[in-house]
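Structure at a glance
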4 protein chains.
Amino acid sequence: MNSFGERFKFTTFGESHGKALGCIVDGVPAGITIDEEFIQSEMDRRKPGKSKFETARKEGDKIEILSGVFEGQTTGTSLAMVLFNENQKSKDYTNVKDLFRPGHADFTYFHKYGIRDYRGGGRSSARETSARVAAGAVAKLMLQELGINIQSGICSINGIQAQSYDFNHATTSEIFALDASKESEQKEAILKAKESHNSVGGVALVRVSNAPIGLGEAIYHKLDSQIANAMMSINAVKGVEIGDGIESTKVTGLDNNDQITSDGFKSNHSGGILGGISNGEDIIVKVHFKPTPSIFLNQDTVDTANQDVNCALKGRHDPCVAPRGSIVAESMMALVLADMLLLNMSSKLENIKKVYN
Amino acid sequence: MNSFGERFKFTTFGESHGKALGCIVDGVPAGITIDEEFIQSEMDRRKPGKSKFETARKEGDKIEILSGVFEGQTTGTSLAMVLFNENQKSKDYTNVKDLFRPGHADFTYFHKYGIRDYRGGGRSSARETSARVAAGAVAKLMLQELGINIQSGICSINGIQAQSYDFNHATTSEIFALDASKESEQKEAILKAKESHNSVGGVALVRVSNAPIGLGEAIYHKLDSQIANAMMSINAVKGVEIGDGIESTKVTGLDNNDQITSDGFKSNHSGGILGGISNGEDIIVKVHFKPTPSIFLNQDTVDTANQDVNCALKGRHDPCVAPRGSIVAESMMALVLADMLLLNMSSKLENIKKVYN
Amino acid sequence: MNSFGERFKFTTFGESHGKALGCIVDGVPAGITIDEEFIQSEMDRRKPGKSKFETARKEGDKIEILSGVFEGQTTGTSLAMVLFNENQKSKDYTNVKDLFRPGHADFTYFHKYGIRDYRGGGRSSARETSARVAAGAVAKLMLQELGINIQSGICSINGIQAQSYDFNHATTSEIFALDASKESEQKEAILKAKESHNSVGGVALVRVSNAPIGLGEAIYHKLDSQIANAMMSINAVKGVEIGDGIESTKVTGLDNNDQITSDGFKSNHSGGILGGISNGEDIIVKVHFKPTPSIFLNQDTVDTANQDVNCALKGRHDPCVAPRGSIVAESMMALVLADMLLLNMSSKLENIKKVYN
Amino acid sequence: MNSFGERFKFTTFGESHGKALGCIVDGVPAGITIDEEFIQSEMDRRKPGKSKFETARKEGDKIEILSGVFEGQTTGTSLAMVLFNENQKSKDYTNVKDLFRPGHADFTYFHKYGIRDYRGGGRSSARETSARVAAGAVAKLMLQELGINIQSGICSINGIQAQSYDFNHATTSEIFALDASKESEQKEAILKAKESHNSVGGVALVRVSNAPIGLGEAIYHKLDSQIANAMMSINAVKGVEIGDGIESTKVTGLDNNDQITSDGFKSNHSGGILGGISNGEDIIVKVHFKPTPSIFLNQDTVDTANQDVNCALKGRHDPCVAPRGSIVAESMMALVLADMLLLNMSSKLENIKKVYN
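Fair warning: this is a prediction, and the values are worked out from it, not measured in the lab.

The next point concerns the overall build of chain A. A tally of regular secondary structure across chain A gives ten helices and 18 strands. Its C-alpha radius of gyration of 21 Å places chain A within 12% of the 21 Å reference for a compact globule of 357 residues. Looking at chain A as a whole, 69% of its 357 residues qualify as buried. Counted over contacts in chain A with a minimum sequence separation of 6, partners at least 24 positions apart contribute 69%. Entry remark: accessible area of chain A is about 11000 Å², with carbon and sulfur atoms responsible for 45%. Across chain A, the mean location of the 39 positive side-chain charges is 4 Å away from that of the 44 negative side-chain charges.

Moving on, we come to the interface of chain B and chain D. On the chain D side, the residues contacting the 27 residues of chain B number 28 residues. Taken together, both faces of the contact between chain B and chain D bury some 2600 Å²; the carbon and sulfur share is 64%. Taken together, chain B and chain D are joined by four salt bridges. The closest approach of N and O atoms between Lys353(B) and Glu145(D), which form a salt bridge, is 2.9 Å. Viewed at the interface, chain D and chain B are joined by 14 residue pairs in polar contact (both at pLDDT 80 or more). Taken together, the elements giving at least two residues each to the side of chain B that touches chain D come down to α4 (129-145), α9 (322-344) and α10 (349-356) of chain B. Sorting elements by how many residues they give to the side of chain B that touches chain D places α10(B) first, with seven residues. Of the residues in the side of chain B that touches chain D, the class split is 16 nonpolar, five polar and six charged.

The next thing to look at is the interface of chain A and chain B. Contacts between the two partners involve 98 residues from chain A and, on the opposite side, 98 residues from chain B. Around 7900 Å² of area is buried between chain A and chain B when both sides are counted, 58% of it from carbon and sulfur atoms. Contact with chain B buries surface across chain A, with Met1(A), Lys112(A) and Tyr220(A) losing the most and accounting together for 12% of the total. Run the count over chain A and chain B and you get four salt bridges. For Lys112(B), the salt bridge identified is with Glu217(A), shortest N-O distance 2.9 Å. Taken together, the connections running from chain A to chain B amount to 53 residue pairs in polar contact (both at pLDDT 80 or more). Of the residues in the side of chain A that touches chain B, the class split is 35 nonpolar, 46 polar and 17 charged. Judged from the three bridges that link them, strand β11 (residues 237-242) of chain A and strand β11 (residues 237-242) of chain B form a sheet pairing that is antiparallel.

It is worth spelling out the packing of aromatic side chains at this point. Per the counting criterion, the structure on display carries 36 aromatic pairs over all chains. With centroids separated by 5.1 Å and ring planes inclined at 75°, the aromatic side chains of Phe10(A) and Tyr220(B) adopt a geometry described as edge-to-face. A residue pair is termed interchain when its members come from two chains, as with Phe10(A) in strand β2 (residues 9-13) and Tyr220(B) in the loop between β10 (202-209) and α7 (223-232). Among the residues examined, Phe10(A) registers a relative accessible area of 0% and is labelled buried. Its relative accessible area of 3% is what places Tyr220(B) among the buried residues. Counting every residue linked through ring pairs, the aromatic cluster contains Phe100(A), Phe107(A), Phe110(A) and Phe265(B).

Attention now moves to a negative patch on the surface. A cluster of acidic side chains, namely Glu6(A), Glu6(B), Glu6(C) and Glu6(D), defines a negative patch on the protein surface. Its location among the elements puts Glu6(B) in the loop between β1 (3-4) and β2 (9-13). Among the residues examined, Glu6(B) registers a relative accessible area of 34% and is labelled partly exposed.

Moving on, we come to the packing of helix α4 (residues 129-145) of chain D against helix α9 (residues 322-344) of chain D. Residue and element names in this part refer to chain D. Contact geometry for α4 and α9: axes closest at 8 Å, N-to-C directions at 50°. As summarised for this structure, α4 and α9 are arranged oblique, according to the angle between their axes. α9 is crossed by α4, and the crossing has left-handed handedness. In contact with Thr129, Arg132, Val133, Ala135, Gly136, Ala139, Lys140, Met142 and Leu143 of α4, α9 contributes Ile327, Val328, Glu330, Ser331, Met332, Ala334, Leu335, Leu337, Ala338, Leu341 and Leu342. Here the residues of the contact of α4 with α9 are counted per class, giving 14 nonpolar, three polar and three charged.

So, on to the pairing of strand β7 (residues 79-84) of chain D. Residues and elements named next belong to chain D. Taken across its six residues, β7 has five buried, putting it largely inside the fold. Pairing analysis gives two bridges linking strand β4 (residues 64-65) to β7, with the strands arranged antiparallel. Across the sheet, Glu64 pairs through a bridge with Val82, a residue of β7.

With that out of the way, let us pick up helix α1 (residues 36-46) of chain C. Of all the residues in α1(C), the buried ones are Phe38(C), Ile39(C), Gln40(C), Glu42(C), Met43(C) and Arg46(C). Close packing links the buried residues of α1(C) with β4 (64-65), β7 (79-84), α4 (129-145) and α9 (322-344) of chain C.

At an RMSD of 0.0 Å, chain A and chain B line up after a rotation of 180° and a shift of 0.0 Å along the axis. Read as a symmetry element, the transformation amounts to a two-fold axis. Taking the C-alpha atom as reference, chain A places Asn229(A) closest to the rotation axis, 2.3 Å from it. Interface overlap between copies: 100% of the residues of chain A at the interface are likewise at the interface in chain B, consistent with a symmetric, same-surface contact.

Residues and elements named next belong to chain A. Within β2, four of the five residues are buried, which leaves it mostly tucked inside the rest of the structure. For strand β1 (residues 3-4) and β2, the ladder comprises two bridges, and the chain directions are antiparallel. In the sheet register, Ser3 faces β2, and the bridge partner there is Thr11. Hairpin remark: β1 followed by β2, antiparallel, with four residues in the connecting loop; positive phi at Gly5, about 105°. Examined bridge by bridge, β2 and strand β3 (residues 20-26) share five bridges and lie antiparallel to one another. Bridge pairing links Phe10 to Val25 in β3. Here β2 hands over to β3 after six residues, with Gly14 in that stretch at a positive phi of 115°.

Each value, and the rule that gives it
Per chain, the residues get numbers from 1 upward, laid out in the order the sequence is written. Lettering of chains starts at A and numbering of ligands starts at 1, both following the order in which they are written. Local features in a predicted model are, by the rule used here, given only for residues with pLDDT of at least 70; side-chain atom pairs are given and counted only at 80 or more, and totals for whole chains, interfaces and linings are based on all residues. Hydrogens are left out, water is left out, and the side-chain values use all remaining heavy atoms of the structure. Numbering of helices and strands runs from the N terminus; a helix is a DSSP stretch of H or I covering at least four residues, while a strand is a stretch of E covering at least two. Only C-alpha atoms enter the radius of gyration; for comparison, a globular chain is expected to reach 2.2 Å times N to the power 0.38, where N is the number of residues. The buried label applies to any residue whose accessible area, calculated with a 1.4 Å probe on protein chains only, is under 20% of its type's maximum; exposed applies above 50%, and partly exposed to all values in between. Here a residue-residue contact requires only that any non-hydrogen atoms of the pair lie within 4.5 Å. Surface exposure here means Shrake-Rupley accessible area, sampled with a 1.4 Å probe, where a residue is shielded only by the protein chains that are shown. Residues counted as positive are Lys and Arg, residues counted as negative are Asp and Glu, and His and the chain ends are not counted. Charge coordinates come from a single atom per side chain, which is NZ of Lys, CZ of Arg, CG of Asp or CD of Glu. Here the quantity called buried area is the total loss of accessible area, with a 1.4 Å probe, experienced by two parts when brought into contact, counted for both. Criterion for a salt bridge: a side-chain nitrogen of Lys or Arg within 4 Å of a carboxyl oxygen of Asp or Glu. Each polar contact in these results corresponds to two N or O atoms within 3.5 Å; when the atoms are within protein, one needs to be able to donate a hydrogen and the other to accept it, and residues that are neighboring in sequence are counted only if both atoms are side-chain atoms. Just so you know the grouping, Ala, Val, Leu, Ile, Met, Phe, Trp, Tyr, Cys and Pro go in nonpolar, Asp, Glu, Lys and Arg go in charged, and all remaining residues, Gly too, go in polar. Strands pair, by our definition, only if DSSP identifies at least two bridges between them. When the centres of two rings from Phe, Tyr and Trp lie within 6.5 Å, Trp using its six-membered ring, the rings pair. Their planes under 30 degrees apart give stacked, over 60 give edge-to-face, and anything left gives tilted. Patch membership is restricted to residues that have no salt bridge and whose relative accessible area is over 30%. Joining uses 9 Å for like charges and 5 Å for the nonpolar side chains Val, Leu, Ile, Met, Phe, Trp and Tyr. A fitted line through C-alpha atoms represents every axis, and for helices the fit uses only the stretch in contact; the resulting angles, taken between N-to-C directions, go from 0 to 180 degrees. If an angle is under 35 degrees, it is roughly parallel; if it is over 145, roughly antiparallel; if it lies from 65 to 115, roughly perpendicular; otherwise it is oblique. A clockwise turn of the near helix away from the far one marks a right-handed crossing, whereas an anticlockwise turn of less than a right angle marks a left-handed crossing. Residues below a pLDDT of 70 in either copy are left out; the C-alpha atoms of the rest, at least 70 in both, set the least-squares superposition of the copies.

Spelled out as structure tokens, the structure:
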């Protein structure tokens, strides 16, 4: 089940060290101008190696469109994109081939499938998220046509929390920090983890502005439930909050309700979603990333024969995945919104008549 | 989109004050013994009016099976269940007919659909969750055949947190409290809210024991992402955590990784899920409920013509929805697991040969 | 898998002799006026016992709407309908309980599910199609809002073929005959089969007029492939043709191509579908029904222990299911078109802007 | 909607003259040995230019697997395959750029999407079916593990019908003829059409042997309805029959019913499917292909401005698509069966216990 979405739907393929990764995006309306440079720029935001806060690993992230675009515009048919793994030559995996790295999917993939591509995590590698960013870029091109804007940034690293959110600052920060005043402390936490061969967690915030009222389907395809689905499907995510989220469990109804006047909502505790449907306010989502399990310290584990062994990984890994993860979260948000926009078109007869009459 | 699940799939219908509510459960394997008393007992756990901590409202919660069962066993065909609303006579809704109750779906439903069944919230009422509990009870009957057990309870009310979890105690507590030592404080918070015509939030914890390794599909139908989807679709839920969840963002990788020995995992920070797939440990999920928006205090709002009006609700509502919500969360967990059990059957050729040879 | 459709989607439940049958229709746009008398009139067209050419069996076909409609209009939420089986008291099924009626699903249901509701065929009974007609009536109410019209009739009984098609005549004919000049011969064939305790097959023709250009999705949800899917899912159907269908395999491309002028298509061999998408011409479909397998002659069969036994059925059955089947085919066509209308809304950015701007 | 299947599911992409075509196959169980030579041999059976009865056009049909296979075995993750169009340099399309070729999808794609890749039909080209054959080859590798066999051949060309079926002969025939005694007459019909710049239709027969009892889901995902869906989605198909199909409408129930003895079914008029579920007999399907619309004779048509123009095509096209279409039909059958095999696994609790206990 490598697909996500109902009407604006994408399917991904590829392993960390296989020939290629990519996706097919289905349900893209015809007539959207495809700006390939924009898509590549989104890939570049996610790619590793941009600073010392990220893994120094280089990945082939040159995206290529194989179908679905004609003379610069989408044609309404399936749009395939591919990233070839430039250096897929297998390095030596002897040290991980037969053991289960703690905190990774090695154990569960082995038992579920009975076979495991152990090269760099295979399909379970976060490298898969590059395909999401490519698909998300196409979704963003559609959202832009409707004036919808998505931004993201880091609101917490290792418990060091932003006190205020500046999305413009985030775009210039090496760690996409939302609060310039907390940025250096957050950076230090990452470097400290890196130097001690350990890792730290963090939290990304995603904000959508100018979304129309009405996005989200009743009961089991709600906007918030699909956002939760989308975000929790990202590697290393262990928690999702909408609006005030967990804080709202600690206050009273009177404090949490967003009262309304003829000028609009007086507050936005709900994070822009009521009854699973967008209310026109900013959509606010927090995405919680655990510390990356790839650390370079001795750990206990077992091999595929369930024999105790020592796990001592080598290589290059992000000391904190939350910053690059925020780009993925932003992409998943774009994909959810694109889907919801298409789904909502048939909510009322009035809309149908607009299209057919 | 009133359906949930891929292979073990249910679809619900019905409004708070319509003729009836119910569901069709599709994909139920043949040969499961249907214990109607068990299904009714699950309905009774969710139903309101069991104590002073809940709304005193009485709902018709007598479940009736219309199809899919023959001589006490499932037949493999669609299983329909219905709850007739015993007292659907319309009381006077003049006071809410044309205004949008803050914190409710009134505003978004009106704008999305252009029409709104204002009687008790219509389709957006939490009354819909009674159909989930009915479907969940059927899922539980299947899980029981495989020895899988689900429990739940309340770990926090209005910020008052349980220090330890006793799932047996929860079954005897009027508020399903997991920690007897915090129970009276939590109850007081609820009563205080009730007396002041306000409401409070809370957090439910769901635990699955004895789930097999391998549940959860790769990438976009992961066990954790579907749990997040399921839980966030419940009325009033604003946050979902798996395992240590948000706490894990504050520790290092070394502290968060669950190391493994030949005797099993040394800890369970992951909440029983690695790479989106169950690892055989207990599955642990926290579900965060906002305070119910139905409060009996003056609030600002607008009517359908966007005129400022005062909202002064009357009636009977839960001062805290988390306790009854925990039963719904438990049901949704059962439904997710039932689906994942069926989906996982075809993960490897070996399983297919077990069935066909 | 008791659901059909992607956006306008229905799910059915119920067995021939269970408590009730019915359906949930999901994805119905809000704002459609629900004419309950029209829905009942559609049920009445399908119901048995209207003439001597049909089974004299009486079925409870009084449809009841349980949800999704408020003050006479659809609300955008799931619409449930139910038919209670008025006389579900079990007659004596001793004679069929343990044997497999030839030509029926008894054999395959028993082996697939390991259990079988043998009362009147259980779930495999054509009684299930009453739920399709109810759902189809809702679809028709939506299609009428857009001026789309569906008609049907019988073009062949036992090989006796209509020479011309008069859809108005069909509405007045007891066997829905399209050709008045062949009607008596066709009726005689049915009566002869009835008198000899045997049965005959027949062919229904469905015609859609005024469908917009553009219905049908690319490649795997084509209009023709979904029509084929829909029709072949009806009990007793063994063949489906679009437009000239099988005849087109016997002519040349020059004769079969529908040439075009500025006044429109010069012919309609294609049956209104090109590349899986409607071209604005009448959509023409032929649906082939085998003779009903329920005959009252001695037949060889086996019982559930694979012992040879004689099968001598009693009861009341249609000597020819094609006429009543034509109403079901018409309903399935309405359901396919309703789905395609909603799906096609997002085919191009231009449509999206019409809805959101 | 470029996907087909529920559990064994494939999604295709690519245009006739774009960079590449291909597919992602999702739901492939882990542990299947992938014989790349077999997959290529299936591609070769479909590819054009093998004889004078086919178009002389050369297509790049070298299949490349990008993911989902590790050390020669499937891993349970998505399997991507791609065919690069070797010679995608655009020839001159001036003559078709702005006009609608009769019998083609040009007209409907233009109106549905507002934009059209006119190079060789773009997405609507039968070149897309090469991706189906690649996916179908993977399905066949799974079916072979269970001993299921699929064969096909041509039973009619331009109305010249085979009198007997010899599937072995078909494998050696240039036109996959099932009846050697009719082959030369059928070949002549094709050559005559070719010489007169015209085309002819034909009929393919697909036979499955050794399928287990129980394939096909109840009511709306029946084996026969999905076969009809699959076959009708193939370019140029206008009719589908199961078993005796249309002939069964002309006989009585007594003649059409397949009676049963303790040695098995006495006949197979049903084509191996009862109630939408396989009964263990050979599955028999007839697929009717219209004459290819690409002919080299003058035809009337209009351009995109609805001006009358003359359509005089040039190029190389199959004078009869049925023979190469039979390979596609065989592939679609394999894909339907693979899906049904996985779906049927959860039909009864007994099967579930086999997998989990």
